[in-house]
There are 2 protein chains.
Amino acid sequence: MPTPHYGLPRYRAIAEELRERIESGVIPPGALLPTESTLTTEYRASRGTVRQAIAALRDDGLVATEHGRGTYVQVSPLKACRLLESDSATRKREVAASAELAKLFGIEVGAPLLEQESIQRSDGAVETVTKIYKLPKTTR
Amino acid sequence: MPTPHYGLPRYRAIAEELRERIESGVIPPGALLPTESTLTTEYRASRGTVRQAIAALRDDGLVATEHGRGTYVQVSPLKACRLLESDSATRKREVAASAELAKLFGIEVGAPLLEQESIQRSDGAVETVTKIYKLPKTTR
DNA sequence: AGAAATTTGTCCGTATGTATC
DNA sequence: AGATACATACGGACAAATTTC
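Computed from a predicted structure; not experimentally measured.

### Here we look at the overall build of chain A
For step 1, the next point in the chain: Scanning chain A for helices and strands turns up five helices and five strands.
For step 2, the next point in the chain: For chain A, the N- to C-terminal ordering of α and β elements is α-α-α-β-β-α-β-α-β-β.
For step 3, the next point in the chain: When burial is assessed residue by residue, chain A has 36% of its 140 residues classed as buried.
For step 4, the next point in the chain: If you take every contact in chain A between residues at least 6 apart in sequence, the share linking residues at least 24 apart comes to 45%.
For step 5, the next point in the chain: In the form shown here, chain A has an accessible surface area of approximately 8700 Å², with 52% of it arising from carbon and sulfur atoms.

Right under this line is the structure:
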């Protein structure tokens, strides 16, 4: 049977489907995605196509794959905001905008920015450091 | 013929070979890489493997591929990254650890760290910039 | 400790679709 | 329109890491 792909490629469609499951919380951060062979039968796609879909999510940093283990859902940038509220290892401070950040926000270099830093540890070792930059409310 | 791969996977070996050609100037910036089918016969590898090698280079920002055209060597890996990514939503790159991050991760200042940056906009205006730092996992 | 099962990684070959020249 | 080149998709086979028994 041929392999036509009208519109969205299948691997992208599958990636979007999985992305929704993740972002809606059906598959929470830290949980394992269904195995490749499961997804293969679920979507009736070849393993290569499924792997391509997962690779797309991985490129976006949404998931991480480990050999022999599986593919884990990562703490996504958006959800990181919510995590900050409950996490203890979090800190807020005002910093001066770097050249890069200033350009992004469209402000002057050195202008004040609000930085929220969150540190995630595993067995005491720092695993991830998340920094969220926003404009101070006073400038809005 | 089976598929043994002692040590380095073939697609990585091919990627390294191509990287050398690029960085040594044999294939100058702006030039086209050999076509996939050419590389297929050159390395006696399947097209999928060649494409995997090219994808690796693309991930590093060393080349860019255009449908129906070919794969171009980028002007300057580092500079091109900054220029091209000014609009994209998320990007990954390797950065040198600042004093603060080095202390947190327990590494040396300037050691490589993986940074994933995510930009959230609202009506075109940058609202939030999220940066997630992790230790590079695999040996690069 | 060791064997088996599970799961992801690599590689091949083929066929067809789509964009560019 | 035809040729060239990259994109998508399938299926099969074996390798390597992890978990389970």
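Now that the structure has been shown, we can carry on.
### Observations regarding the environment of Gly110 of chain A
Residue and element names in this part refer to chain A.
For step 1, the next point in the chain: Its location among the elements puts Gly110 in the loop between α5 (99-105) and β4 (112-122).
For step 2, the next point in the chain: A relative accessible area of 42% places Gly110 in the partly exposed class.
For step 3, the next point in the chain: Between the C-alpha atom of Gly110 and that of Val95, which follows or precedes it by 15 residues, the distance is 8.1 Å.
For step 4, the next point in the chain: Not counting residues within four places of it along the chain, the set of residues in contact with Gly110 comprises Ala96 and Ala97.

### Regarding the confidence of the model for chain A
For step 1, the next point in the chain: Here chain A averages 82 in pLDDT, and 78% of its residues register 70 or above.
For step 2, the next point in the chain: Segment residues 84-88 of chain A: pLDDT under 50, and eight contacts once partners within four positions in sequence are set aside and those in other chains are kept.

### Details of helix α1 (residues 10-23) of chain B
Since the α-helix turns once every 3.6 residues, residues separated by three or four places project in the same direction.
Residue and element names in this part refer to chain B.
For step 1, the next point in the chain: In this model, α1 (14 residues) spans 20 Å end to end at C-alpha, consistent with the 20 Å of a helix rising 1.5 Å per residue.
For step 2, the next point in the chain: Taken residue by residue, α1 has Ile14, Ala15, Leu18, Arg19, Arg21 and Ile22 as its buried positions. The arc that holds the buried residues of α1, viewed along the axis, is 160°, so those residues lie on one side. Pointing more than 90 degrees away from the buried face of α1 are the exposed residues Glu20 and Glu23.
For step 3, the next point in the chain: Of the residues flanking the end of α1, it is Gly25, one or two places downstream, whose phi is positive at about 90°.

### Brief notes about the pattern of salt bridges
For step 1, the next point in the chain: For the coordinates displayed, the defined rule picks out 26 salt bridges over all chains.
For step 2, the next point in the chain: Of the charged contacts, one joins Glu100 of chain A and Arg93 of chain B as a salt bridge, the two residues approaching to 3.4 Å between their closest N and O atoms. With Glu100 of chain A in helix α5 and Arg93 of chain B in strand β3 (residues 90-96), the pair connects residues from two separate chains.
For step 3, the next point in the chain: With relative accessibility at 25%, the residue Glu100 of chain A sits in the partly exposed group.

### Things to note about the pairing of strand β2 (residues 70-73) of chain A
Residues and elements named next belong to chain A.
For step 1, the next point in the chain: Summarising the sheet, strand β1 (residues 63-66) and β2 pair through four bridges and their orientation is antiparallel. Paired with Glu66 across the bridge in β2 is Gly70.
For step 2, the next point in the chain: The turn joining β1 and β2, which pair antiparallel and follow one another in sequence, is formed by three residues; a positive phi near 80° is taken by Gly68.

### Notes on the interface of chain A and chain B
For step 1, the next point in the chain: Counting from both sides, the interface comprises 28 residues of chain A and, opposite them, 24 residues of chain B.
For step 2, the next point in the chain: Buried area between chain A and chain B, both sides added, is near 2200 Å², and the carbon and sulfur share of it is 52%.
For step 3, the next point in the chain: The tally of links from chain A across to chain B stands at four salt bridges.
For step 4, the next point in the chain: Summed over the shared surface of chain A and chain B, the result is eight residue pairs in polar contact (both at pLDDT 80 or more).

### Remarks on helix α2 (residues 36-43) of chain B
Residue and element names in this part refer to chain B.
For step 1, the next point in the chain: Looking at α2, one finds that the buried residues are Glu36, Leu39, Thr40 and Tyr43. Down the axis of α2, the sector holding all buried residues measures 110°, keeping them to one side.
For step 2, the next point in the chain: The secondary structure elements touched by the buried residues of α2 are α1 and α3 (47-59).

### Looking at the environment of Pro112 of chain A
Residue and element names in this part refer to chain A.
For step 1, the next point in the chain: If you trace the backbone, Pro112 turns up in strand β4.
For step 2, the next point in the chain: Among the residues examined, Pro112 registers a relative accessible area of 39% and is labelled partly exposed.
For step 3, the next point in the chain: A sequence separation of 14 residues divides Pro112 from Ser98, and the C-alpha atoms of the two residues are 9.8 Å apart.
For step 4, the next point in the chain: Apart from residues no more than four positions distant in its own chain, Pro112 is found in contact with Glu94, Val95 and Pro136.

### Brief notes about unusual backbone geometry
Residues and elements named next belong to chain A.
For step 1, the next point in the chain: Although it is not a glycine, Arg44 adopts a positive phi angle of roughly 50°.
For step 2, the next point in the chain: By secondary structure assignment, the location of Arg44 is in the loop between α2 (36-43) and α3 (47-59).
For step 3, the next point in the chain: Judged by relative accessible area, which is 73%, Arg44 ranks as exposed.

What counts and how
Residues numbered from 1 in each chain as written. Chains lettered and ligands numbered in written order. Predicted model: local features only at pLDDT ≥ 70, side-chain atom pairs only at ≥ 80, totals over all residues. Heavy atoms only, no water. Helix = DSSP H or I, 4+ residues; strand = E, 2+ residues; numbered from the N terminus. Buried < 20%, exposed > 50% of the residue type's maximum accessible area, 1.4 Å probe, protein only. Contact = heavy atoms within 4.5 Å. Areas by Shrake-Rupley, 256 points an atom, 1.4 Å probe, with all protein chains shown as cover. pLDDT = per-residue confidence, 0-100. Expected span 1.5 Å × (residues − 1). Arc of directions from axis to C-beta. Salt bridge = Lys/Arg side-chain N within 4 Å of Asp/Glu carboxyl O. Pairing = 2+ DSSP bridges. Buried area = accessible area lost by both parts, 1.4 Å probe. Polar contact = N/O pair within 3.5 Å; in protein donor to acceptor, adjacent residues only side chain to side chain.

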